[in-house]
Amino acid sequence: MDLRQLEYFVAVAEEQNFTRAAERVHISQSGVSAQIRQLERELGAELFDRSVRTVTLTVAGKAALEHARAALAAAGAVGQAVDEVTGLIRGRLTVGMVIGCTLTPLFDALSAFHQAHPRVEISLLEDGSDRLVEGVRGGTIDVALIGTATATPDGLDALTIISERLVVAIPAGHPLAEQRRVTLRDLVAHPIVCMPPGTGLRTVFDRACAAQNLHPAIALQASAADAIADLAARGLGVAVLSNSMAASYRDRLTARTIDDVETPALLALIWKSPHGPAVRELLVHGRRAFTEPDAM
């Protein structure tokens, strides 16, 4: 038997379908079937029950599965160990980014990493912060830039990039613009435009309202700060943003810190330990990009 046969065996066992397994390992279904048949002949036992629509493991297949996974993991560890000694990093890196948050330093870090390690394939995806956290926990995402109300999500490591108070942003002539001090109770007397649930900023806002038993009227929601600012500038509601977000719209909106919401909204890089050399190297570039003067 060889590692290729074990890889196909594990793929069929996990997918419970020869067609999906073939797509996963990027060969034809007939090729997967032929290799599995050869492996079964070598082992002297059938590994799958093919009599039903869903492919299931036989008793022999169940006994073999964990050993096959262990063999593949050991083979991968051999390659990784050699790569670390020679300084070569390869493979795939999946990076998550919260929707509507396009920070230049993140792109700088990805660019520097790609130049240093061109054999690593980088995938970048956008999603809500809560789903990005679950992706990192589940291993489908290697590193993610999220908005959060917690410095370090449970079970993960984190590097805080930005920590800022919440502000309300209002157009000229709005009653709140005349106040030097704005409280949460002042704010919730008006329709509100803010980010959707699952974002760090919204979590901070919702928790602050719940702590005071306040029930804000969320008029409109948007994932991008630009959209929130545009809606507020048109008088459709008062915008809840972070301080640096609101600073970009000073020509249209007046920002007031929400005086009694002291918990900051955080922007953080998160990852799961233990991690491989590609994640370690990306974090090196990420720390450098986000901590250089004028990086944000």
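Here's what I pulled together on the structure shown here. All figures in this text were calculated on a predicted structure; none of them were measured in a lab. (Residues numbered from 1 in each chain as written. Predicted model: local features only at pLDDT ≥ 70, side-chain atom pairs only at ≥ 80, totals over all residues. Heavy atoms only, no water.)

Digging into the packing of helix α2 (residues 18-25) against helix α3 (residues 29-43)
At a minimum axis separation of 8 Å, α2 and α3 run at an interaxial angle of 100°. Between α2 and α3, the angle falls in the class roughly perpendicular. Between α2 and α3, the residues in contact are F18, T19, A22 and V25 and Q29, V32, S33 and I36, respectively. Residues belonging to the contact of α2 with α3 are distributed by class as follows: 5 nonpolar, 3 polar and no charged. (Axes fitted to C-alpha atoms, helices over the stretch in contact; angles between N-to-C directions. Helix = DSSP H or I, 4+ residues; strand = E, 2+ residues; numbered from the N terminus. Parallel < 35°, antiparallel > 145°, perpendicular 65-115°, else oblique. Contact = heavy atoms within 4.5 Å. Nonpolar A, V, L, I, M, F, W, Y, C, P; charged D, E, K, R; others polar.)

Topic: the nonpolar core
Most often, soluble globular proteins have nonpolar side chains that are buried together. Grouped together as the largest cluster of nonpolar side chains are 37 residues, with contacts concentrated most on L166, L184, L187 and L241. Beyond its immediate sequence surroundings of up to four residues, L184 is in contact with F205, A208, C209, Q212, L214, I258, D260 and V261. Ranked by size, the runner-up nonpolar core spans 30 residues in total, among them L103, F113, V143 and F290. (Core = buried A, V, L, I, M, F, W, Y, C linked by side-chain atoms within 4.5 Å. Buried < 20%, exposed > 50% of the residue type's maximum accessible area, 1.4 Å probe, protein only.)

So, the state of the cysteines
Tallied over the full model, the rule gives 0 disulfides. Its sulfur unpaired, C194 is 8.9 Å from the next cysteine sulfur, which belongs to C209. On the basis of relative accessibility, which here comes to 3%, the residue C209 falls in the buried class. (Disulfide = S-S within 2.5 Å.)

Regarding the packing of helix α1 (residues 3-15) against α2
Contact geometry for α1 and α2: axes closest at 8 Å, N-to-C directions at 130°. Relative to α2, the element α1 lies oblique. Judged by the twist between their axes, the crossing of α1 over α2 is right-handed. Facing α1, whose interface residues are E7, Y8, V10, A11, V12, E14 and E15, α2 presents F18, R20, A21, R24 and V25. (Left-handed = near helix turned anticlockwise from the far one by under 90°.)

Describing α2
Three or more residues of α2 are buried, namely F18, A21, A22 and V25. The buried residues of α2 all sit within an arc of 100° when viewed along its axis, so they share a single face. Tucked into the core, α2 has its buried residues touching α1, α3 and β1 (48-49). For α2, the capping residue at the N-terminal end is N17, with a side-chain oxygen 2.8 Å from the backbone nitrogen of T19. Positive phi appears at H26, one or two residues downstream of α2, with a value of about 65°. (Arc of directions from axis to C-beta. Polar contact = N/O pair within 3.5 Å; in protein donor to acceptor, adjacent residues only side chain to side chain.)

So, the sheet that holds strand β11 (residues 253-257)
Whenever strands of a sheet pair, they do so through backbone hydrogen bonds, lying parallel or antiparallel. Strand order in the open sheet made by the 5 strands is β9-β8-β10-β7-β11, with mixed pairing throughout. Whereas interior strands pair on both sides, the edge strands pair on one side only; in this sheet they are β9 (218-221) and β11. Along the sheet, successive strands turn relative to each other by an average axial angle of 30°, direction set aside. Here strand β7 (residues 166-171) runs beside strand β10 (residues 238-242); their pairing, made up of 4 bridges, is antiparallel. Counterpart to V168 in the pairing with β10 is V240. Contacting β7, β8 (192-194), β9 and β10, helix α8 (residues 200-211) crosses the sheet at an angle of about 115° to β10. The strands that helix α9 (residues 225-233) touches are β7, β8, β9, β10 and β11; relative to β10, the one it contacts most, it runs at about 150°. (Pairing = 2+ DSSP bridges.)

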